[in-house]
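In case you want the letters, here they are:
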Amino acid sequence: MEHVHTACKPRRQAKYKSDEEYKVLKLGLGRVFIFAKKMPFTVKLGAAASFIISLLFAMNIISIGYNVYVGKTPVGCVAARHDGDAALSAAEKKWGGELSLDLKYYPRLVFFGKYSNSLNVTESMLLASGKFARTSAITVGDRRIVFTSTEEMKKAEELYMKPYKTENTVSARLRGARISEGLFKKDGSVNAEKGAEMLSGVNVITTERVNETETIERETETIEDNTLHKGQVTVTQEGADGAREVSRLITKVNGEVTKEYVIDEKITKKPVKRIETVGTFIPAGEGSGDFAVPVSGTVTSPFGERWGRHHDGTDFGAAEGTPVYAADSGTVSFCGVSGGYGNLIIINHKNGYETYYGHLSRILVSSGQQVEKGAKIGEVGSTGNSTGPHLHFEIRKNSVPQNPLNYLP
Ligand SMILES: [Zn+2]
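S.K.: Describe the overall build of the protein, listing the residues and the values that go with them.
M.R.: Check the secondary structure of the protein and you find seven helices and 26 strands. Classification of the 409 residues of the protein by burial places 26% in the buried group. Across the protein, the fraction of contacts at a sequence separation of at least 24, relative to all contacts at a separation of at least 6, is 71%.

S.K.: How would you summarise the sheet that holds strand S2 (residues 73–78) if you had to cite specific residues and measurements?
M.R.: Read from one edge to the other, the open sheet built from three strands follows the order S2-S1-S3, with strand pairing classed as antiparallel. Looking at which strands have only one partner, the edges of the open sheet turn out to be S2 and strand S3 (103–111). Going from strand to strand, the sheet's axes swing by 30° on average, the running direction of each strand aside. Pairing of strand S1 (residues 62–70) with S2, which is carried by five bridges, proceeds in the antiparallel orientation.

S.K.: Explain the environment of Ala 87 to me, using residue names and the numbers behind them.
M.R.: Positionally, Ala 87 belongs in helix H4 (residues 81–95). Taking the C-beta count within 10 Å as the criterion, Ala 87 has 26 such neighbours and is therefore assigned buried. For Ala 87 and Ser 124, which are 37 residues apart along the polypeptide, the C-alpha to C-alpha distance reads 9.6 Å. Discounting residues that sit within four places of it in the chain, Ala 87 has contacts with Ser 118, Val 121, Thr 122 and Met 125.

S.K.: Run through unusual backbone geometry, naming residues and quoting values.
M.R.: Within the chain, Asn 254 stands out as a residue other than glycine whose phi angle is a positive 50°. Topologically, Asn 254 is positioned in the loop between strand S11 (242–253) and strand S12 (256–269). By the C-beta count within 10 Å, which is 13 here, Asn 254 ends up partly exposed. Backbone geometry places Lys 350, a non-glycine residue, at a positive phi of 65°. Looking at the element boundaries, Lys 350 is found in the loop between strand S20 (343–348) and strand S21 (353–360).

S.K.: Could you give me a rundown of the packing of H4 against helix H5 (residues 118–128), with the residues and numbers involved?
M.R.: Any two packed helices are characterised by the angle at which their axes cross and by the distance between the axes. Running from N to C, H4 and H5 cross one another at 60°; their axes reach a closest spacing of 8 Å. In terms of orientation, H4 and H5 fall into the oblique class. Here H4 runs over H5; the crossing is right-handed. Contact residues: H4 offers Asp 83, Gly 84, Ala 86, Ala 87, Leu 88, Ala 90, Ala 91, Lys 94 and Trp 95, while H5 offers Ser 118, Val 121, Thr 122, Met 125 and Leu 126. Here the residues of the contact of H4 with H5 sort into nine nonpolar, three polar and two charged.

S.K.: For the pairing of strand S10 (residues 233–237), give the residues involved together with the corresponding values.
M.R.: The buried fraction of S10 amounts to zero of the five residues, a small share that puts the element mostly on the outside. Sheet topology note: the S10/strand S13 (residues 274–281) ladder contains four bridges and is antiparallel. If you follow Val 233 over to S13, its bridge partner there is Val 278.

S.K.: Please set out the pairing of strand S24 (residues 376–379) residue by residue, giving values where relevant.
M.R.: In this sheet, S24 lies alongside strand S18 (residues 323–325) in antiparallel orientation, the contact comprising three bridges. Each bridged residue has a counterpart across the sheet, and for Pro 323 the counterpart in S24 is Glu 379. Bridge analysis of strand S22 (residues 362–363) against S24 gives two bridges, and the strand direction is antiparallel. By the bridge assignment, Ile 363 is partnered in S24 with Gly 378.

S.K.: Explain the sheet that holds S12 to me, using residue names and the numbers behind them.
M.R.: Taken in spatial order, the four strands make up an open sheet running S6-S8-S11-S12, and their pairing is antiparallel. The strands lining the two open edges of the sheet, one partner per strand, are strand S6 (169–174) and S12. Between one strand axis and the next, the sheet turns by 20° as a mean value, whatever way the strands run. Here five bridges tie S6 to strand S8 (residues 204–216), and the two strands are oriented antiparallel to one another. Bridged to Ala 172 within S8 is Thr 206.

S.K.: Could you give an account of helix H6 (residues 150–161), with specific residues and numbers?
M.R.: With 12 residues, H6 should cover 16 Å at 1.5 Å per step; its first-to-last C-alpha distance of 17 Å lies within 8% of that length. Summarising the contacts, the buried residues of H6 are in contact with strand S4 (132–140), S6 and helix H7 (192–198).

S.K.: An account of the environment of Ile 61 is needed here, citing residue identities and associated values.
M.R.: Note on placement: Ile 61 falls in the loop between helix H3 (47–58) and S1. Distance from Ile 61 to Val 110, taken between C-alpha atoms, is 8.6 Å for residues 49 residues apart in sequence. Apart from residues no more than four positions distant in its own chain, Ile 61 is found in contact with Leu 56, Phe 111 and Phe 112.

S.K.: An account of H5 is requested, with residue identities and associated values reported.
M.R.: Burial analysis of H5 places eight of its 11 residues in the buried class, the great majority of the element. Along H5, the residues that are buried comprise Val 121, Thr 122, Glu 123, Ser 124, Met 125, Leu 126, Leu 127 and Ala 128. Buried residues belonging to H5 abut S1, S2, H4, S4 and strand S7 (177–185). Positioned one or two residues after H5, Gly 130 has a phi angle of 80°, which is positive.

S.K.: Account for the nonpolar core, with residues named and values stated.
M.R.: The biggest cluster of nonpolar side chains holds 32 residues, and the ones touching the most others in it are Val 68, Val 75 and Met 125. Of all the secondary-structure elements, those providing two or more residues to this core are S1, S2, H4, H5, S4, strand S5 (143–146), H6 and H7. The residues that make up this core include at least three from each of domain 1 (6–130) and domain 2 (134–202). Discounting chain neighbours no more than four positions away, the residues touching Val 68 are Val 75, Gly 76, Cys 77, Val 78, Gly 84, Leu 103, Tyr 105 and Val 121. Leu 344, Ile 345, Leu 391 and Phe 393 belong to the second-largest nonpolar core, a separate cluster that totals 25 residues.

Calculation notes
Residues numbered from 1 in each chain as written. Predicted model: local features only at pLDDT ≥ 70, side-chain atom pairs only at ≥ 80, totals over all residues. Helix = DSSP H or I, 4+ residues; strand = E, 2+ residues; numbered from the N terminus. Buried ≥ 20, exposed ≤ 12 C-beta atoms within 10 Å, placed from the backbone. Contact = placed C-beta atoms within 7 Å. Pairing = 2+ DSSP bridges. Axes fitted to C-alpha atoms, helices over the stretch in contact; angles between N-to-C directions. Parallel < 35°, antiparallel > 145°, perpendicular 65-115°, else oblique. Left-handed = near helix turned anticlockwise from the far one by under 90°. Nonpolar A, V, L, I, M, F, W, Y, C, P; charged D, E, K, R; others polar. Expected span 1.5 Å × (residues − 1). Core = buried A, V, L, I, M, F, W, Y, C linked by C-beta atoms within 7 Å. Domains from an automatic or database assignment.

Structure, rendered in structure tokens:
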């Protein structure tokens with residue numbers, strides 16, 4: 001890459017060869033004519049032009065500078081040869097050794113003070129040496145990857161980040177990576193493929209913008225209706241789910257979501273609620289399905305295996321004569337003596353459930369009678385297969401004994 005400074009762009013090269021000749025030029029006004037006459041363009045200069053040039057010298061508006069060349073490559077314009085030598089020393093320091101550059105100096109007229117910046121001259125020398133290139137590097141921690149060109153660096157980044165990009169990706173970067181542009185040694189610089197390999201282990205942070213349509217579920221409103229039987233449900237209004245459009249920004253590290261937030265949300269369809277009418281009417285002689293404790297006492301024997309056989313109910317110990325209440329409303333389907341149960345009451349709740357009350361001392365209801373939940377139906381006793389006064393209580397669902405303690409409050 002050729003680096004040319006506009007402040008001092010060499011147009012023509014003078015034919016001076018020795019330092020002695022340059023010094024002559026600086027001696028004074030009169031000698032300027034000598035200088036001017038020796039320039040290749042002197043033939044075109046008349047006396048008036050020469051006079052103007054000498055006047056500009058006298059007024060310090062123009063002076064003599066030197067175009068510096070490395071071989072045939074211009075690297076800048078300096079005020080004196082030692083400025084060029086100093087730029088070379090700086091270049092060699094950066095390279096870390098001798099650059100063996102073939103420097104040539106050519107005198108020229110230059111507007112006073114319009115010399116090349118010394119750093120620019122150094123850089124141009126480094127480029128002209130062929131050992132440096134203006135390119136880019138990626139630095140991660142203490143690792144620096146120099147690329148053969150900035151384009152290769154960009155390609156390497158793309159190659160490395162590609163697996164983590166989706167159609168929704170709006171930005172992607174390498175975590176902890178610093179990209180610098182400048183002059184780097186060509187030696188050891190790499191192309192895109194090699195550079196992408198060298199990036200291995202660097203985390204890729206991507207940001208995605210995702211637009212989604214989400215369902216807003218309809219709510220259900222329940223209206224109780226005591227003209228409908230309990231358990232009966234009528235849908236008065238089906239309703240409809242709504243919809244909203246949600247825009248999210250999602251940050252991922254190596255494809256794993258680390259942050260997510262909503263940046264825009266818009267309801268595109270309002271939900272319409274579902275309305276259900278639920279019956280609450282319970283006719284006399286039918287149960288509600290909720291059971292109350294039938295006696296005031298303590299559990300003395302639970303439901304389950306007992307003495308090698310199954311105990312179909314729960315025993316509540318209580319003194320003889322303690323009131324026994326209907327656990328739920330229903331119709332008495334049996335009352336009387338029944339084997340080991342002794343005096344037994346069975347209430348059919350007309351909803352699949354039956355309750356049993358055994359070992360009673362007294363029965364206060366009759367078969368076919370409708371009873372309300374909580375009504376006194378008998379008294380605790382010890383009739384039938386019993387070793388002391390207690391209530392044997394069963395809940396049966398479709399004739400299958402259930403554990404009453406799973407139903408009682
Ligand atoms: Zn029992």
